[in-house]
Structure formats: C-alpha cells, structure tokens
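Observations on the three-dimensional arrangement
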Amino acid sequence: MSHRAGRSRVSSRKRRSPAAFLLYWGMIATVWGVAAGAGVIAYQATKLPPIDALTVPKRPPNIAILDENGVMLANRGDTGGAAVRIADLPPYLPKAFIAIEDRRFFSHVGIDPQGMLRALIRNIAGGGMVQGGSTLTQQLAKNLFLTQERTVSRKIQEAILALWLEHKYSKNQILELYLNRVYFGSGAYGVEAAAEKYFGHGARNVTVPEAAILAGLVKAPTRLAPNRNPSGAAERACQVVEAMRQEGFVTDAMAALALAHPAKTVRDQNASAVNYAADFVMDALDDTIGAIDEDIAVSTTLDGGLQALAEAALADALDRKGAAFGVGQGALVALAPDGAIKALVGGRNYAESQFDRAASAKRQPGSAFKPFVYLAALEAGLNPDSVREDAPINVKGWQPENYAHEYFGPVSLTKALSLSLNTVAVRLGLEVGPKAIVRVAHRLGIASDLSANPSIALGTSEVTPLEIVTAYAAFANSGIGVQPQIISRVKTASGKLLYQRKGARNGRVIDPNYVAMMNTMMQETLLTGTARKASVPGWQAAGKTGTSQEFRDAWFIGYTSHLVAGVWLGNDDNSPTKKASGGNLPVEIWSRFMRGAHNGVPPQPLPGGFWHGFGPGGVPVAENNGWPSLPGLFGAPPASQVRQVAAPPAPPPEGWPVQRNDAPPAHGPGGPVPPADIPNAGALGHKQRAQSGMQNFFDALFGG
C-alpha cells in the first residue's frame, strides 16, 4: 500500500465522518478561544466592580392594588408579581426549567464547558444559533447586571458574574432568584406574574402542563407567549415534558397525562377594564407617596363588585347596540357622595386602547352642564316655580333651538330643566351672566377651563366625565364640595403604614335651600323629563341628560343618596353618532349599573330634601331641609360654613331677580339682564314651531 493511497483512505474516512470533523475543529476552536480569551478575561474583570462590592440588586417593587374589601384587582410594577419562595412551589415547576434550560445545573460551577461545547457543535451543524450554552446562573447574571447585547465581552462578563453568584449563593437561592426575575412575555416578569397572567392563579398552584408552558417560554418569551401563539407554546411545552420525563423529574404516567391534557390559558387580563382604574391608581400613587423601593399593597376606595358591574354594563350595551347608534367608545365613573371613587371604566377594551376616557377625555357635556346654569339662577333669586319663556331667541346672530324644534311658551324652571329646553337655559345664562355660571361650576368641582360666553349655558366647554360627576356629588350630599379620591391606604409588604386617607372636602359649596330646589328639579328629569327610562326602584334619584352638537357626545349623570354615577358615549375621533342622545343608551347603561349597585342597600331619601314652595312669610319650605339625612357622612357642618339665606318677604317676582350678580354678562354691563331686555323673546302662551333657515354654527346645540 502506497503512502498516497493510505492518505487517500484517511481523507475519505474524514469526509465520511462530518460529526468527527466538527468535533475536532470544535475542540480546536475551544482551545484557541480559551487561550486567546485569557487576556480578555483579565481585561474585562477590571471593568466590573470588585467582587466584594457586588450585591444582587433588589427585585423591582411589586404594587398590589386592592379594592376596599382587600380583594386583588391588579398587580403593577416592573415585575408584575410578588416574589415567591422556591419551597412554596410544586417541585416539578423549578425542575421544568432545569430540564429544558440547564440539565447539569446542580453539578456545574456556574459555567458548563461541556454544555457550551455541545451547543457549539449543534450550532455549527445547524448553520446558525440553534442552541445557547448559557447556564441558568449565567442567565441570572445577565438579567441582574448586564445588557442583552450578544458580544464576546458581554459573555465574558456573564461568565465571571456567574462564577461569583455560585460562590455567593446556594443552588436553591440562585434558582429562586432566577424564577423571580426571568421574563415570560406579555409584560410578566417572574414566575408568579406569569402564572397569574396566563393561567389566572399563582405559581403555587401551577400544574405540570402549565409548568411546561412557563419553562418553554424562556427560550423566546415574545414569540412563544401562549396568549399570542398557542400552537407554538404547546409544541414547546411538549419538548419540556419529554425532557422532564428523560431526567426523571416526572413519571411516564405524569408525562402522558400532561401531554394528553395541555394547559389552557385564561383570557388576557390586560383586556379587563379594571386596568383603567389601576392606571388611575398608579398616577395617584406617584403624588401620594413618591418613589418606592419595596413591595407595597395599595388599598383603594374601589368596590370590586361595582367595578365588574360597571364594566359589564358598558361593554354589553356597546356590543349589542353600539353599531346601531354609531358609538365606538364609552366611559362610566361612580363616586360615593363623599368623593370616594367606587368604579371607573375608561373605555370599551383596555387591550385595544389604554386611553382613559373617564379621567382624561375632555368632551362637550351638552345639557348635562345645565344644572350649574340653574343653580346660578337660583342663587340670583329665582326658584323652581319661576317662569321663563320658551321661544325662539336670537343672540347677536346665534339662534339656539330646542331638540325637537318646538316651543312651549311660558314654563317653570322645573319643567324647562326636566325637558332640557335650550332657549330657557340661554335666557337664564344671559340673566345671571356667563361668568356667574363659570364660577358656580368651578366651585362645585369642574377643574377644566370654561369659556364665559352665552353658549356656556348649553355646555359647549369641554370637561371630563370624572370632574362633572364629582361636581354633581354636591347635589347628592346636601351641598358639600368633594375631591375625587381613589387611594385609602398604602402599606408595605411587612405591614408598615405609608399613607392613610384622611378625606378631602371643600366645605359647603351649595346652600341647603338650593340643594332642595335642585333635587326637586332634577328628580323631575327622571319622572317626566328626558330621562324617564332611568330609575332605581325604591330610591329617590335625580339627574340630567346631555347631548352635544350633531350627536357627538351622549351623557347621563344621575345620583341617589348612596351613589353618583355618570355615563359618556361617543367616538374617539369626535365623529357624530347615529343619534345617540343622553336619554337613550346612556340612561340604559346607567340604570343597569345603578340597580345592581343598590341591590340590597336600604333605601334612603336624597339628603337636603325637596323644595315645596314658600311658606308663611316667604320662607322656603323643604322636606328634610338642611343637613344630610345620612348620619356620619361628613359630620356636623361647621357653623362658619353654613350661609344663612335671608327669606324674601314674598316669593321672588317672575320678572327680575331679587339678588343681583355683579358679574357683567355677555349682553352688556351692569349686572343681570331683565327678562324684558333679552332679545327676541317671542310670543307667549302657545306652542310654537321653530322657523327654518335660521341656523348657524351653534344651531345644532340641543338638550336631551
């Protein structure tokens, strides 16, 4: 045999053994890598803090958001879940991660040369990055200290830190740190958050197929998230179960059962509208306690049952009738009369849009703003029986019309408000002056800027649902101004009290006599007016509908002595709806919510009572007049906050207010405008039709 022939046969054998070829060159590359990297390791070590100075960073704090009964509503924070002890987990859960990610975890020292070589061979054979060689300890080091970049220097730093972690901590401690830090996709950091996210329960109750899903996620958390890629997640979970069976972490029977009954994920919790309320809590938390560095529990004023009821009432109505009414979005907010927020729904679907329409969207309230106009008129000397003309009116070219384009002639303020007659509201606005209306609205709790012009009487200045519901609370609690509150208490996980709500009120903002008058008029809205479909059986209820120009916004805000709630419907792009008005869909949603919210609650009358005209000597008569009939709601009022109203010697005349307002109205200086001076008052005493062809920019403003 010649030397050439022998060499040829050797070459032939090498060509027929690609695995041996790869192993040979893999070993050569490893040797060269170690030799060349020795100096690099020394250099990279100088860039890390001294080993003695290294400490494991704290896990970012978790924020548990609870309702008023201590029931969990949401978890917030960078990790989204509380830390769990490995001793509290089912043994197969951590073993699932070991089986699929690092089978030699308990035998290596932080780095695994054998595993790295195996990964290198498979990657070369696969022509790319098929398998990584990082141990669980290295992955933890990367999560704790390093960036996600794939560079040689970062891998060297990762290896050094992994060795330090193995020196500093036990294997179980490293595994526990890993499980509480690793990312599982969909914003979930840590195994507790992931279990809650995907399965609706804590990590302590994870099953074998669920453990396989979680362990399989680590490879590609975004791509394999079971709520986004169920088939990919299931295929990866099968690989995990098989790896667990091979390692003896589960029996053959357990593996077969897990494969036959794969895990099922729950509906994405981020789609729940409770997240609007959770966002609001987080915003308020920044102003309440500032930065935090440990887990906390935030007890809120929210009622979990009412929150769920509000979400269902809004979503169901929009699902059934939203398309027919051309309505794409809505909001619902409910407050106790003392300002405590009980439910807050900022939109139809949180997963599709996180914008909070309850607290942040400013929209025209339309006729829902009229109670502030009428209160200003009462404070100027009128009363519910005062008569004003419902007839066409022209204010320097602006000709507002009623919703139905018909007019009733002389009407009482009670009838005008209940039927939401625009011309009467405009006349009252001109009498008292737009600036007086703005002052009343701001005093009661409207925070937004309001334009003091004649159209303010028809609600043309934009407000948020939360602030207008807050302003209505004064009607429900006998005239006390409140501030909306959602956080009642904040404690650390160890029980240390960081914050305790003490209550926030603005003192008396409405005289009790005027509260009784407003209750009388706004109750009529539900009895004979534009909100006749609204009712809370067994309860006295009052409120006001609102519809902005071209049906762009539909509102109903109503209250009992127990709760104040407001509903807004419309479209985010401010496009017109298909004639959705305050009296139809918003009233339906409000009634469903309020009936459920009052179920089982003993009925109580509206505090402040109802106005019954004037008694002897012209003294206003109100049933239950004065302080609220709800004991303990606010306590006794300070005498300094109760303004005594001088009783007129006789009922106020129908023509001229007895109490002048020094705010110059838009229609000239010198105080309120006498009714006789209001332009184009029209004929009295009979129903009239609006003339066509008299519309301008404000013509589409209407009540209802």
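Residues numbered from 1 in each chain as written. Predicted model: local features only at pLDDT ≥ 70, side-chain atom pairs only at ≥ 80, totals over all residues. Heavy atoms only, no water.

Check the secondary structure of the chain and you find 20 helices and 18 strands. Residue pairs at least 24 apart in sequence account for 72% of intrachain contacts in the chain once pairs closer than 6 positions are excluded. Here the chain has roughly 30300 Å² of accessible surface; of this, 55% comes from carbon and sulfur atoms. (Helix = DSSP H or I, 4+ residues; strand = E, 2+ residues; numbered from the N terminus. Contact = heavy atoms within 4.5 Å. Areas by Shrake-Rupley, 256 points an atom, 1.4 Å probe, with all protein chains shown as cover.)

Our focus in this paragraph is helix 14 (residues 370–379). Most of helix 14 is tucked away, with 10 of its 10 residues classed as buried. Taken together, the buried positions of helix 14 are K370, P371, F372, V373, Y374, L375, A376, A377, L378 and E379. Looking at the packing, one finds that the buried side of helix 14 touches helix 15 (413–418), helix 16 (422–432), helix 17 (434–444), helix 18 (465–476), helix 19 (512–527) and strand 13 (542–547). Of the residues trailing helix 14, G381 is marked for its positive phi of about 120 degrees. (Buried < 20%, exposed > 50% of the residue type's maximum accessible area, 1.4 Å probe, protein only.)

This part takes up the pattern of salt bridges. Applying the stated criterion to the full structure yields 18 salt bridges. With a closest N to O distance of 3.2 Å, R103 and E247 form a salt bridge. One end of the pair, R103, is in the loop between helix 3 (92–101) and helix 4 (113–126); the other, E247, is in the loop between helix 10 (230–246) and helix 11 (252–260), and 144 residues separate them in sequence. Between R363 and D553 there is a salt bridge whose closest N-O contact spans 2.7 Å. (Salt bridge = Lys/Arg side-chain N within 4 Å of Asp/Glu carboxyl O.)

In terms of burial, strand 15 (residues 564–570) is largely enclosed, as seven of its seven residues are buried. Because side chains alternate across strand 15, one face comprises the buried residues V564, G566, W568 and G570, and the other comprises A565, V567 and L569, equally buried. Pairing of strand 4 (residues 329–335) with strand 15, which is carried by seven bridges, proceeds in the antiparallel orientation. The residue of strand 15 that forms the bridge with A331 is W568. For strand 14 (residues 553–559) and strand 15, the ladder comprises seven bridges, and the chain directions are antiparallel. Its bridge partner being in strand 15, Y559 is matched across the sheet by V564. Connecting strand 14 to the next strand, strand 15, in antiparallel fashion are four residues. (Pairing = 2+ DSSP bridges.)

Among the secondary structure elements, S420 is positioned in the loop between helix 15 and helix 16. Given a relative accessible area of 2%, S420 falls into the buried group. Reaching out from S420, the side chain makes a polar contact with the side chain of S367 at a distance of 2.9 Å. Among the polar contacts made by the side chain of S420, one reaches the side chain of K370 at a distance of 3.0 Å. (Polar contact = N/O pair within 3.5 Å; in protein donor to acceptor, adjacent residues only side chain to side chain.)

This brings us to the nonpolar core. Among the nonpolar cores identified, the biggest contains 119 residues, and F372, Y374 and F593 are the most heavily contacted of them. Ranked by residue count, the leading element in this core is helix 18, at nine residues. The contact partners of F372, leaving out residues within four places of it in the chain, are I437, V440, A441, L444, I446, I468, A471, Y472 and F475. Membership of the second largest hydrophobic core comes to 52 residues, among which are F97, A194, A225 and A255. (Core = buried A, V, L, I, M, F, W, Y, C linked by side-chain atoms within 4.5 Å.)

This next bit is on the sheet that holds strand 15. Overall, antiparallel pairing links the five strands, which are arranged 5-4-15-14-13 in an open sheet. The open sheet has two free edges, formed respectively by strand 5 (341–345) and strand 13, since each of these has just one partner strand. Across this sheet, the average inter-strand angle for adjacent strands is 5 degrees, counted without regard to direction. Sitting on the sheet, helix 19 touches strand 13 and strand 14, and the angle it makes with strand 13 is about 60 degrees. (Axes fitted to C-alpha atoms, helices over the stretch in contact; angles between N-to-C directions.)

On average, residues of the chain carry a pLDDT of 79, and 72% of them reach 70 or more. Note that residues 126–131 has pLDDT below 50 and, in this model, nine contacts with residues that lie over four places away or in other chains. Segment residues 624–677: pLDDT under 50, and 114 contacts once partners within four positions in sequence are set aside and those in other chains are kept. (pLDDT = per-residue confidence, 0-100.)

Within the secondary structure layout, S386 lies in the loop between helix 14 and strand 6 (387–390). The exposure class assigned to S386 is buried, which follows from its relative accessible area of 1%. Placed 24 residues apart in sequence, S386 and P410 show a C-alpha to C-alpha distance of 9.8 Å.

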